[in-house]
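# Chains, contacts and geometry: an overview
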Amino acid sequence: MKKLCSLLLSLTMVFSLAATFGISASAADVSNTFWRGFETNVKDYRDDRGAKSEWVEEGIGGSHGALKIQNGASEVSEPQYGGVTWEKIVNVPNDKKYNISMCIKPLDMEDTNFAGNRAMFVFYHYYKQDGGSEKSFHDIVYFSKVEQLTDGWLKLSYDGHTMSSGDAGNAQTPTGTYSGYSRIEFRAGRKTGTYLIDDLRVEPVPGNELVTGNDETQGPVYLVNDTNETSNTDIGGANGTAGCRLVKPTGQTADGVSFGNLKLKPGQAYKFSWWAKGTANETDASLSTIGLYLYGYVNSYFTLKDGAPTVTYNIIMKNDDALTGDWQYYECIFKTPNQTVPEECYERVVSFYPRLHNVAGSQMTGALAEFAGKSGMEYYIDEIKLEQLESVYNGDFEDSLDTLVYGHERQAGYKPWITETGTTAVNASEADRNFARVTQTGAATDGFSAYVAMDPSVTYKIKFDAKSDVAGAKLGASIYKAEGDTASSTQAELTSEWASYEVIVKNTDTLITSPKLTFTMTDGTTPLAGDFDIDNVSFEVLPEFESAISATSKEVGGVISGSAEFDGSADFGFQRVFISKDGKTWGQLAEGDTGAGASSSYTITEKDAGKYIRFLYTPGLTAGADYIYTPSLRTAVRKIAFTGTWGTDLTAEVNIVTDTFDTEEFVAIVALYNSDDEMIGVETYNVNELMNNTSGTYSIPCGDTTEAAYAKAYLWNNFVSIAPYCVSDTARPAE
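Note that the coordinates shown come from a computational prediction; the quantities given were computed from them, not determined experimentally.

Conventions used here
- In this convention, every chain numbers its residues from 1, walking through the sequence in written order.
- Local features in this predicted model are restricted to residues of pLDDT 70 or higher, and side-chain atom pairs are both shown and tallied only at a pLDDT of 80 or more, whereas totals for entire chains, interfaces and linings draw on every residue.
- Based on all heavy atoms of the structure, the side-chain values leave hydrogens and waters out of the count.
- What counts as a helix is a DSSP run of H or I of at least four residues, what counts as a strand is a run of E of at least two, and both are numbered from the N terminus.
- Think of it in three bands: with a 1.4 Å probe and only protein chains considered, a residue is buried below 20% of the maximum accessible area for its type, exposed above 50%, and partly exposed in between.
- Any pair of residues with heavy atoms lying within 4.5 Å of one another is described as a contacting pair.
- Per-residue and other accessible areas follow the Shrake-Rupley method at a 1.4 Å probe size, with only the shown protein chains counted as cover for residues.
- Two strands qualify as a pair provided DSSP detects at least 2 bridges between them.
- As used here, the term nonpolar core means buried Ala, Val, Leu, Ile, Met, Phe, Trp, Tyr and Cys residues forming a set that is joined through side-chain atoms within 4.5 Å.
- Stacked, tilted and edge-to-face are the three classes applied to pairs of Phe, Tyr and Trp rings, where Trp contributes its six-membered ring and a pair requires centres within 6.5 Å; stacked means planes under 30 degrees apart, edge-to-face means over 60, and tilted covers the rest.
- Geometrically, a charge over a ring is one whose NZ (Lys) or CZ (Arg) sits within 6 Å of the ring centre while staying within 35 degrees of the ring normal.
- Axes here refer to lines fitted to C-alpha atoms; in helices the fit is confined to the stretch in contact. Angles between the N-to-C directions go from 0 to 180 degrees.
- Salt bridge criterion: a side-chain nitrogen from Lys or Arg within 4 Å of a carboxyl oxygen from Asp or Glu.
- A residue's pLDDT is the confidence the predictor assigns to it, expressed on a 0 to 100 scale.
- Pairs of N or O atoms are called polar contacts if they sit within 3.5 Å, as long as, within protein, a hydrogen donor faces a hydrogen acceptor (for residues adjacent in sequence, only side-chain-to-side-chain pairs).

Across its full length, the protein chain holds 1 helix and 47 strands. Out of the 735 residues in the protein chain, the part that is buried amounts to 51%. Sequence separation of 24 or more characterises 73% of the internal contacts of the protein chain that already satisfy a separation of 6 or more. Roughly 33,100 Å² of accessible area belongs to the protein chain as shown, and the carbon and sulfur atoms make up 46% of that amount.

A regular strand carries its side chains on alternate faces of the sheet. Of the pairings in the sheet, the one linking strand β28 (residues 474-482) to strand β29 (residues 485-493) comprises 7 bridges and is antiparallel in character. In the strand pairing of β29, L475 is matched with A492.

In this section: the nonpolar core. By size, the foremost hydrophobic cluster in this structure holds 37 residues, and its most contacted members are M102, I104, F121, F123, F186, I197 and V202. At the level of secondary structure, the elements contributing two or more residues to this core comprise β5 (66-71), β6 (83-90), β7 (97-108), β8 (120-128), β9 (134-142), β11 (154-162), β12 (177-187) and β13 (193-204). Excluding anything up to four places from it in sequence, I197 contacts F38, A66, L67, I69, V84, M102, C103, I104, W153 and F186. Counting 35 residues, the second largest nonpolar core, distinct from the first, contains V438, L475, I534 and V537.

To continue, consider the environment of F186. Within the fold, F186 resides in strand β12. Sequence separation between F186 and Y81 is 105 residues; the distance between their C-alpha atoms is 8.1 Å. Excluding anything up to four places from it in sequence, F186 contacts G82, G83, V84, M102, I104, A119, M120, F121, Y195 and I197.

The relation between two aromatic rings is expressed through the spacing of the ring centres and the mutual angle of the planes. Under the definition given, this model contains 29 aromatic pairs. Aromatic side chains F435 and W498 sit 5.1 Å apart centroid to centroid with 70° between the ring planes, which places their arrangement in the edge-to-face category. You can see F435 sitting in strand β25 (residues 433-441) and its partner W498 sitting in the loop between β29 and β30 (499-506), a full 63 residues away along the chain. You can call F435 buried: its relative accessible area is 0%. Chaining the aromatic ring pairs together yields one cluster made of F397, W417, F448, F464, Y501 and F519. Positioned over the ring face of Y81 is R187, at 4.8 Å from the centre of the ring. The ring of Y710 has R732 sitting right over it, with the charged end atom 4.6 Å from the ring centre.

In spatial order, the strands read β3-β6-β12-β8-β9; together these 5 strands make up an open sheet with antiparallel pairing. Both outer strands of the open sheet, β3 (46-48) and β9, are each paired with one neighbouring strand and no more. Neighbour-to-neighbour, the strand axes of the sheet open up by a mean angle of 30°, direction not taken into account. As judged from the 9 bridges shared by β8 and β9, these two strands associate in the antiparallel manner. Along β9, the bridge assignment pairs F123 with D139.

Our focus in this paragraph is the pattern of salt bridges. With the rule as written, the count across this model stands at 30 salt bridges. As a salt-bridge pair, E87 and R46 come within 3.6 Å of each other at their nearest N and O atoms. Of this pair, E87 sits in strand β6 while R46 sits in strand β3, and the two are 41 residues apart along the sequence. Classification of E87 as buried rests on a relative accessible area of 17%. The residue R433 makes a salt bridge to D465 at a minimum N-O spacing of 3.3 Å.

On to unusual backbone geometry. The residue R49 is not glycine, and still its phi comes out positive at about 50°. Along the chain, R49 turns up in the loop between β3 and β4 (52-56). If you check the backbone angles, D199 has positive phi at about 50° while not being a glycine. Mapped onto the secondary structure, D199 falls in strand β13.

The next subject is the confidence of the model for the protein chain. Residues of the protein chain with pLDDT of at least 70 account for 81%, and the chain-wide mean is 82. Predicted confidence for residues 1-25 stays below pLDDT 50, and this span has 85 contacts to residues more than four positions away or in other chains. Contacts for the low-pLDDT stretch residues 224-228, under 50 throughout, to residues beyond four places or in other chains number 12 contacts.

With respect to topology, 4 strands assemble into an open sheet ordered β44-β43-β46-β47, the strand pairing being antiparallel. With partners counted over all chains shown, the strands left at the sheet margins are β44 (679-686) and β47 (729-731), one partner each. Across the sheet, the mean angle separating the axes of adjacent strands is 15° when strand polarity is ignored. Of the strand pairs in this sheet, strand β46 (residues 710-716) and β47 are connected by 3 bridges, and their pairing is antiparallel. Considered in β47, the bridge of A713 is made with D729.

To continue, consider the side chain of T194. Here T194 is to be found in strand β13. Looking at T194, the relative accessible area reads 17%, which means it is buried.

We now examine the side chain of R190. Its location among the elements puts R190 in the loop between β12 and β13. Not counting the four nearest positions on each side in its chain, R190 is found in contact with N71, P79, Q80, M109, D111, T112, N113, F114, N117, R118 and A119.

Moving on, we come to the environment of Y295. Here Y295 is to be found in strand β18 (residues 293-304). Of the residues examined, Y295 reaches a relative accessible area of 0% and is grouped as buried. Sequence separation between Y295 and N319 is 24 residues, and the spatial gap between their C-alpha atoms is 6.3 Å. At a separation of 3.2 Å, a polar atom in the side chain of Y295 contacts the main-chain carbonyl oxygen of A360.

So, in structure tokens, the structure goes:
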């Protein structure tokens, strides 16, 4: 029997957290989980070993708070162990495994290499001794995993720690009987430095994340440079942006700018794009980069857990457009080659490198001498980004089936769509569409295939348009991993007219993440000879568990509701609320145990405006408990504010997110005033036209501020009724 558990979540309530705040004297009151998100300024901790802390109003993902810590604020012994401490705060017996994590954002810190110089949690477990005394035993957990998030945040974690085992560092073997509580000390592992911490968590190892449907297609990811050969510059970037990055090769022929920590799925297609321009060297023409070629490289190393490499990709994305003194746009498509990748392989390194070459891509032979980097050269690069493309690349067949992609001398080109033995395919077109015409011979091996990104044991809905003149023709799809390891879908009965179809297939549990999706026309069992036409191929996850999110209004004051449906009879009782500024890096706002059938409400506040909200549901925080995330919902915002410094860099940034953008009018006004409060200049902008009827952010220049005493920015509906959408903003010169 399925139990439907609906929740209305309210920001005005922090769910049943009273038991976790303060120091509990009774073991029965101590939770088996620990979370601190610092959403309110409540101090239930103490500063430790010379560290000084203060609460700040914004945390990870735009959440409502974080803790700012300065190590070495006062002279003490062992300042590297500075941090904060919670006394008798969590009930973690040593017969269970726990996941331990936190988020940290370095502000003023020389050593940010948390992979090499690890931060740590230190637990002090209290045990009752013979005679009634109590003794504590330390248990050090070094964070072994470092994840680069957005906005400067890092996630530090250790998964599956058994308390008092020493598996994550070192630990004392306890004696006596566990008292039911432990102390937690966070130690930064640095003598000095200022940083933020947020979302500290200790909890039993959970179960599986239940499949509830597709995530939205990943939006553009702007890559972060991680080498020392570049510097920011304010000469003005591509597309009128304020800055760009200056690249100075160091003399190695294969010099490039490395962008690492990328998360790419085998079988999924991506677009890399960037803007670049060269420079002329007036004293040494050999050091000019104008006329050279900037290629893109993608290196992926998938490594087995035992350390043995299994799959390595070195893809060169060539181009024939030489650098000039003006900004030029470049883009390349990346997709892993046509082969399966075992799930037990994990992504060790995926990096993107722009590198200089002295020949056009069409002339490249692969020789090392074709690299052109020299010490003394300079070029500019901007807006390097990565975008996830459709689930089945070229599923609309707008590109030729014969196009070889991603190829070069060291990596033979290959086709996104391939034909199996006995089958041929060609591009075809009619008045209103381009499509593929597939011809089968009736062989047992007939098929038309593409390698895709699909997860094991997940059910998929495969969509396509198709037609065929073959009598009794049926078209289905199979997920092929190896001989004898194939999952077959339901089948669609074709007609001689175009129609849209959906078939369902559940992937097998074999640990392969990039299987082959194969279409075969049959009579229901046996492949048929003849043609079928196919177009608009895509797929999405078919939800096996339900979750949803909605709102009475996305404006401030609106009430957000969520729901989750679980299999089985377990009562739903626990919920978490998450927030994000970009839909990628999430911070937790609240959590709580509501009990079976209980509900609460979550009201959007000013702090949430323009941000994403989603919920997590689980039957309880116990070891192995499955959980569900809802889709995310972006709240509304209408805001204008000044950015930059007074002078030519001053701009007014308009931020608008609304469901009704195309039915509303937005005008932005930037006015300059003298010291007598007289307007001496004004600029007006039709925001609807500037933003091309899409919601988002737009920066507008403020003009010449030389004679102005201050500037004001307004966001109105129009120039007739002049209804303000938000409070105005004021900028003045620095004193």
